[in-house]
Amino acid sequence: MAGDQDMFDAVVMADERFHGEGYLEGYEEGSSLGIIEGRRHGTLHGAKVGSEIGCYQGFAFAWRGLLHGCTTERDSKKMKVLEALIGMIQKFPYDDPTYDKLHEDLDRIRGKFKQLCSLLNVQPDFKISAEGSGLSF
Amino acid sequence: MSWVQAASLVQGPEEDGDVFDEEADESLLVQREWQSHMQRRVKEGYRDGIDAGKAVTLQQGFNQGYKEGAEVIINYGQLRGTLSALLSWCHLHDDSSALVSKINNLLDAVGQCEDYVLRHLRSVTSQPHVVDLLDSLQDMDLSHVAPAEEKIDEAKDERFCENNAEFNKNCSKNLSQVDCSSLECCRAQEHERPENPSLTWILEQTASLVKQLGVSIDILQHLKQL
């Protein structure tokens, strides 16, 4: 009887052992795959945000330079909105996907940009990349 | 598991000749069932392991990729935004359409560069870290009774980090060797620098454009980091 018990133990142990060996191999592979797959998705999403934010930023910086030295009242209103937009962008952690106010801040920045464009009397003609930056007017 | 060892030692006779040797036939059958069951267990374990491992690192990978994608592509976004500002300036001041079409060409070029870089960033990370299950299964000696090697240890984690660092190194190495000759904007251009030649060309064209518009070159200051 003791012999039979040993035999059953051996069978169960073998069963778990083989499952376990497969599991360890799989876990290693899965960890590696998870990083790779995660990075692929993350890169795409990060690039979308970076592209859009960068676009607003470049636009704002360039216009700040173009308006340099302009002194009309309308121009000073433009500058005010410009500086506000630049400030908002600079505070925005564009490379942090875990930022809790990501969408909120992004929407505020988009709104400020639209306000700037209407003040400048500009129809922005952004060449949107294939991925799309969400800009459409 | 001495009976397993005993079973595996049994030399099964050729199929044609074992019709009357029931005992050998039965133990061969048992052996095969055992092997097939254990192979199934290994495969199940492997699948379970993959799911578990993936769940742990997916978010981590996403965060890494997100940061990298944003940091690399934001520069192209800034260039596009700058060119768009110049374009809108041209429209407002009713400048010649030659400049307008030039700016549009540059915008297209930046878009192409951006797409190329993004595709490259994503493709570099899709080369899998290969563990060949089938080889492992074949290597797995089913009468093997010695304890399995201690596989999960810190050295493994370090290897993941090294591999990631290698991916990053390869990525920036590949980016710096980007051959943009397939891009339309580059066809007429010589490669002045090995790193991203079309971007250099675009920046130079933008600078000359600014001069042509009679605007201070200072407005391009924010692009210095490119």
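What counts, and at which threshold
- Residues numbered from 1 in each chain as written.
- Chains lettered and ligands numbered in written order.
- Predicted model: local features only at pLDDT ≥ 70, side-chain atom pairs only at ≥ 80, totals over all residues.
- Heavy atoms only, no water.
- Helix = DSSP H or I, 4+ residues; strand = E, 2+ residues; numbered from the N terminus.
- Buried < 20%, exposed > 50% of the residue type's maximum accessible area, 1.4 Å probe, protein only.
- Contact = heavy atoms within 4.5 Å.
- Areas by Shrake-Rupley, 256 points an atom, 1.4 Å probe, with all protein chains shown as cover.
- UniProt positions renumbered as here; feature names shortened; annotations may be inferred.
- Phe/Tyr/Trp six-rings, centres within 6.5 Å; stacked < 30°, edge-to-face > 60°.
- Lys NZ or Arg CZ within 6 Å of the ring centre and 35° of its normal.
- Salt bridge = Lys/Arg side-chain N within 4 Å of Asp/Glu carboxyl O.
- Axes fitted to C-alpha atoms, helices over the stretch in contact; angles between N-to-C directions.
- Parallel < 35°, antiparallel > 145°, perpendicular 65-115°, else oblique.
- Left-handed = near helix turned anticlockwise from the far one by under 90°.
- Nonpolar A, V, L, I, M, F, W, Y, C, P; charged D, E, K, R; others polar.
- Core = buried A, V, L, I, M, F, W, Y, C linked by side-chain atoms within 4.5 Å.
- Patch = residues over 30% accessible without salt bridge, like charges linked within 9 Å, V, L, I, M, F, W, Y side chains within 5 Å.
- Lys, Arg positive; Asp, Glu negative; His and termini not counted.
- Charge placed at Lys NZ, Arg CZ, Asp CG, Glu CD.

Caption draft 1: View of the overall build of chain A. When you go through chain A residue by residue, the secondary structure sums to three helices and zero strands. Tracing chain A from N to C terminus, the helices and strands come up as α-α-α. Per-residue burial for chain A yields a buried fraction of 48% across its 137 residues. Within chain A, contacts between residues at least 6 apart in sequence are counted, and of these 64% link residues at least 24 apart.

Caption draft 2: Local environment of the overall build of chain B. Looking only at helices and strands, chain B has six helices and zero strands in total. Its helices and strands in sequence order give chain B the pattern α-α-α-α-α-α, from N to C terminus. The proportion of buried residues among the 226 residues of chain B is 42%. Taking the contacts inside chain B whose residues are at least 6 apart along the sequence as the reference set, 66% of them involve residues at least 24 apart. When the accessible area of chain B is evaluated, it comes to approximately 13,200 Å², of which 49% is carbon and sulfur surface.

Caption draft 3: Geometry of the UniProt feature "domain: Essential protein Yae1 N-terminal" (unreviewed entry) in chain B. As annotated in UniProt, the feature "domain: Essential protein Yae1 N-terminal" (unreviewed entry) corresponds to residues 45-83 of chain B in the numbering used here. For residues 45-83 of chain B, helix accounts for 100% and strand for 0%, while the C-alpha atoms at its two ends are 55 Å apart.

Caption draft 4: Region of the structure containing unusual backbone geometry. In the Ramachandran plot, Asn121(A) falls in the positive-phi region, its phi being about 65° despite a non-glycine side chain. The residue Asn121(A) is located in the segment after helix H3 (102-120) in this model.

Caption draft 5: Examining the packing of aromatic side chains more closely. Residues and elements named next belong to chain A. Evaluation of the coordinates by the stated rule reveals six aromatic pairs over all chains. For the pair Phe92 and Tyr99, a centre-to-centre distance of 6.1 Å together with 75° between the ring planes defines the contact as edge-to-face. Assessed through its relative accessible area of 4%, Phe92 is described here as buried. The exposure class assigned to Tyr99 is partly exposed, which follows from its relative accessible area of 22%. By the ring-pair criterion, three or more aromatic residues cluster together here, those being Tyr56, Phe59 and Phe113. For the cation-ring pair, Arg17 lies above Phe18, with the distance from its terminal atom to the ring centre recorded as 4.9 Å.

Caption draft 6: Layout of the pattern of salt bridges. Residues and elements named next belong to chain B. Considering all chains together, one arrives at 13 salt bridges over all chains under this definition. Between Glu71 and Lys67 there is a salt bridge whose closest N-O contact spans 3.1 Å. Within this pair, Glu71 and its partner Lys67 are both found in helix H2 (residues 22-92), separated by four residues, close to a single helical turn. Exposure remark for Glu71: the relative accessible area of 34% places this residue in the partly exposed category. Since its relative accessible area comes to 39%, Lys67 is described here as partly exposed.

Caption draft 7: View of the UniProt feature "domain: Essential protein Yae1 N-terminal" (unreviewed entry) in chain A. Under the UniProt annotation, "domain: Essential protein Yae1 N-terminal" (unreviewed entry) lies at residues 22-60 of chain A. Along residues 22-60 of chain A, the helical share is 100% and the strand share 0%, with 56 Å between the first and last C-alpha atoms.

Caption draft 8: Structural detail: the environment of Gln205(B). Residue and element names in this part refer to chain B. Note on placement: Gln205 falls in helix H6 (residues 197-213). On a C-alpha basis, the gap between Gln205 and Leu106 in space is 7.9 Å, while along the polypeptide they are 99 residues apart. Here Gln205 is in contact with Lys102 and Leu106, once residues within four sequence places are set aside.

Caption draft 9: The arrangement of the packing of helix H2 (residues 73-91) of chain A against H3(A) in detail. All names here are of chain A. The geometry of H2 relative to H3 is characterised by a closest axis approach of 10 Å and an angle of 160° between their N-to-C directions. Classed by the angle they form, the pair H2 and H3 counts as roughly antiparallel. Of the two elements, H2 crosses H3, and the hand of that crossing is left-handed. Residue-level contacts link Arg74, Lys77, Lys78, Val81, Leu82, Ala84, Leu85, Met88 and Ile89 of H2 to Arg108, Ile109, Lys112, Phe113, Gln115, Leu116, Ser118, Leu119 and Leu120 of H3. Here the residues of the contact of H2 with H3 sort into 11 nonpolar, two polar and five charged.

Caption draft 10: Broad picture of the nonpolar core. Of all hydrophobic cores here, the largest spans 60 residues; its most connected members are Phe59(A) and Trp63(A). Listing elements by their share of this core, those giving two or more residues are helix H1 (2-66), H2 and H3 of chain A together with H2, helix H3 (97-124) and H6 of chain B. Once residues within four sequence positions are removed from consideration, Trp63(A) is found in contact with Leu82(A), Leu120(A), Val122(A), Ala85(B), Ser88(B), Trp89(B) and Leu92(B). If you look at the next biggest cluster of nonpolar residues, it comprises five residues, including Ala14(A), Phe18(A), Met38(B) and Val42(B).

Caption draft 11: Local environment of the environment of Asp96(A). Tracing the backbone shows Asp96(A) in the loop between H2 and H3. Separated by 50 residues in sequence, Asp96(A) and Gly46(A) have C-alpha atoms that sit 8.4 Å apart. When residues no more than four places from it in sequence are discounted, the contact partners of Asp96(A) are Leu102(A) and Tyr66(B).

Caption draft 12: Representation of the packing of H2(B) against H3(B) in the model. Residue and element names in this part refer to chain B. At their nearest, the axes of H2 and H3 sit 10 Å apart, and the two run at 170° to each other. Between H2 and H3, the angle is such that the two are roughly antiparallel. Its residues assigned to classes, the contact of H2 with H3 shows 18 nonpolar, five polar and three charged.

Caption draft 13: Just a negative patch on the surface, in detail. On the surface, a cluster of negative charge is made up of Glu22(B), Glu23(B), Asp25(B) and Glu26(B). As for its position among the elements, Glu26(B) is in helix H2.

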